[in-house]
Amino acid sequence: MAVEELRAVTQRCQTLEEEEFKEEDFNLFQAAGQKCLDEGYTTQVLEIIQDEKNKVIFKSMGWNLVSPLVKCFQSRQQDNEKRKECMKIINQMVQICNPKELLLGLLEQIEDATGEDISKIILLLIQPLQTVLLKLGDKKAYSVGLSLSTLVNQLSSLPVPYTKDQMKEDKHGLCLCSNVLVKFAKPFVDEVLNQAKVSTGCGSEELKTELRKFCFRCLRYPLLNAQLDQQPENTDEHPFRIFATDILGILLSVGEPLSTVFLQHERINHMTDDGDISKEDEKYAAESLACLAYILFVQHIGMDHFPTVLGPSFLLQCNLAHIEILLKRTEESVLSKGIELFENSLLRVDDCSLPPEYLEIKIFLSIPQDLVKVMTLCPIEHLRKKCLKILQMYIDKFEVGGKYKLLRCLLKTSNHAGVEGYIIQNIKNQIDLSLKTEHGIRWFSGSRLVPLLHMVLSLPDGVETDLLVHSDRIMASLNLLRYLTIRDSEDDNQTEIWTELAWTEKNFLKPLHTALDMSKAHYEAELKNAKENKHTSKDKNPLCTVTADNLKLPNMDPGMQLQVLQSALFTFDLIESVLARVEELIEAKVKSTAE
């Protein structure tokens, strides 16, 4: 019988000193104890462990029972009474066993948990784990850090609930575990605070460091992916807002002023250059700091501990580093945080207040390019629209010289016809404003405007330009040229459009004519073939292949192909119509001047 085997092992070892225990004794004890628990003899095991004569035995060997105890607790065959006895055994072991060995046994079980068992095992073992750590005395910092790291790493494999209903259901137990995690850390935070009142010992500093690391891990997971917006009701019960508040509270308690968060990324970069931390660690730390910035400035959690003396342009500059990190992620929950933080930072800054010198700082030019990537590549429509709104806000914040430099840079780098058309429309608006009010006249008129006009009034690939792909840009360029020919007379020539007329005809108007003729001829031939194929094909639903911008599109039926071809021809007619109007205006102006 298993119980008799366990009693025999313990009775034999009662006569030995702790240092006399052999490997055979450990193996027999573990096998007998596991067999007892597997067969459900939890009451008998509890009686044996409570026997004072066995205290030394369990002190050395008890940690070997952690694994079978966890399996016994999880067994569906066990009733609630058996589970309570398992917990009593674990609690008794916490009081008796060697804390260092028991710590490793508990962490091993947490680390080995998978899937649905992760949160269950953490909730089962986290209180005993805390008690064991508290028994380690002043040299517990490393063990506390190891425990916190193990707990967060295991939880990070769980999906983060996003909606209100998902958080309420808490299917995987993440919300509950997050709350328990804060309670687990509390006595160690209190210890740091108490030590700070009497001394600044080495142990205290090491414990502070481990708690800071824990906070930054939690900022990256789960808070980076969590939905933190307040709900209409029960805002005080939002689990992740509560968790975020607690994590910031721990940071403050361990001496991490929130006002220094914007300088942290510079320190991280310096540490990376010196080889003190790896690129992977740098990425994790940067994402944590970006999440912290979002929590502070968008959710306003912890803002009562943040100084109000920092200027809006300085805050924008500091936040751009965090925004850049968030915009490079593709998850909606993270990407939306970057967009919201960007919008919040811009709302603090007055329009036309940022000098052009800011654009000499690399990130001020790279961040709108990141925004453009989201606008053009993100599959989520409302985020694309929000990015377009923020791009305009960003442009509006610069003085006119800054607008000129920024628009010129975006026109060079966006590589997307829709965005280029939008930028050209912005250029047109700035020219119009300078001609009407002389605001920015030195930037958007005269010789400084000419290089910008050369960029706008050109075809990306000359006569071989795919007009269908670049139609948005071409239409915007034609509309700008039409505006200039109407608004700026040859006598005034403030924009120098008339001085550059020969250049424009050679590099834009004539190549556009040729490209239109080639494109229309090609698509008309394709349309004719498609109509013939539709009538002659014996296949009921034959598939056709269409290419655009050298990219092969998914196969489509003939009816859909006809619609695509007709739509393309309509676009060419529209471009041709505006082109003809522009040439009429130019001809009329030239004739009137000659007369």
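Each remark here, short or long, concerns the structure printed above.
Nothing here was measured: the structure is a model prediction, and the numbers come from that model.

The rules we used
Residues numbered from 1 in each chain as written. Predicted model: local features only at pLDDT ≥ 70, side-chain atom pairs only at ≥ 80, totals over all residues. Heavy atoms only, no water. Helix = DSSP H or I, 4+ residues; strand = E, 2+ residues; numbered from the N terminus. Buried < 20%, exposed > 50% of the residue type's maximum accessible area, 1.4 Å probe, protein only. Contact = heavy atoms within 4.5 Å. Areas by Shrake-Rupley, 256 points an atom, 1.4 Å probe, with all protein chains shown as cover. Patch = residues over 30% accessible without salt bridge, like charges linked within 9 Å, V, L, I, M, F, W, Y side chains within 5 Å. Salt bridge = Lys/Arg side-chain N within 4 Å of Asp/Glu carboxyl O. Core = buried A, V, L, I, M, F, W, Y, C linked by side-chain atoms within 4.5 Å.

Attention now goes to the overall build of the chain. Along its length, the chain carries 25 helices and two strands. Across the 595 residues in the chain, those meeting the buried criterion constitute 49%. Look at the contacts in the chain between residues 6 or more apart in sequence, and 74% of them connect residues 24 or more apart. When the accessible surface of the chain is totalled, it reaches about 29500 Å², and 49% of it is carbon and sulfur.

Further remarks concern a nonpolar patch on the surface. Among the surface-exposed residues, Leu-104, Tyr-142 and Leu-146 lie close enough to one another that they form a single nonpolar patch of about 330 Å² accessible area. Topologically, Tyr-142 is positioned in helix H9 (residues 141-155). On the basis of relative accessible area, Tyr-142 is assigned to the exposed category, the value being 60%.

Here we take up the nonpolar core. Here is a general trend for soluble globular proteins: nonpolar side chains tend to be buried in one another's company. Ranked by size, the top nonpolar core spans 182 residues in total, and within it Phe-214, Leu-219, Leu-223, Ile-295, Phe-342 and Leu-512 carry the most contacts. Tallying contributions element by element places helix H11 (residues 174-198) first for this core, with 11 residues. Leaving out residues up to four positions away in the same chain, Phe-214 has contacts with Leu-148, Val-152, Leu-181, Ala-185, Ile-247 and Ile-250.

This part takes up the environment of Arg-408. Inspection of the secondary structure assignment puts Arg-408 in helix H20 (residues 400-413). Using a relative accessible area of 28% as the deciding quantity, one classes Arg-408 as partly exposed. Sequence separation between Arg-408 and Leu-452 is 44 residues, and the spatial gap between their C-alpha atoms is 6.7 Å. If we skip the residues at most four places from it in the chain, Arg-408 touches Pro-451, Leu-452 and Met-455.

The next subject is the side chain of Glu-287. Examined against the element boundaries, Glu-287 turns out to sit in helix H15 (residues 279-297). Beyond its immediate chain neighbours, meaning those up to four positions away, Glu-287 contacts Arg-220, Leu-224, Ile-325 and Arg-329.

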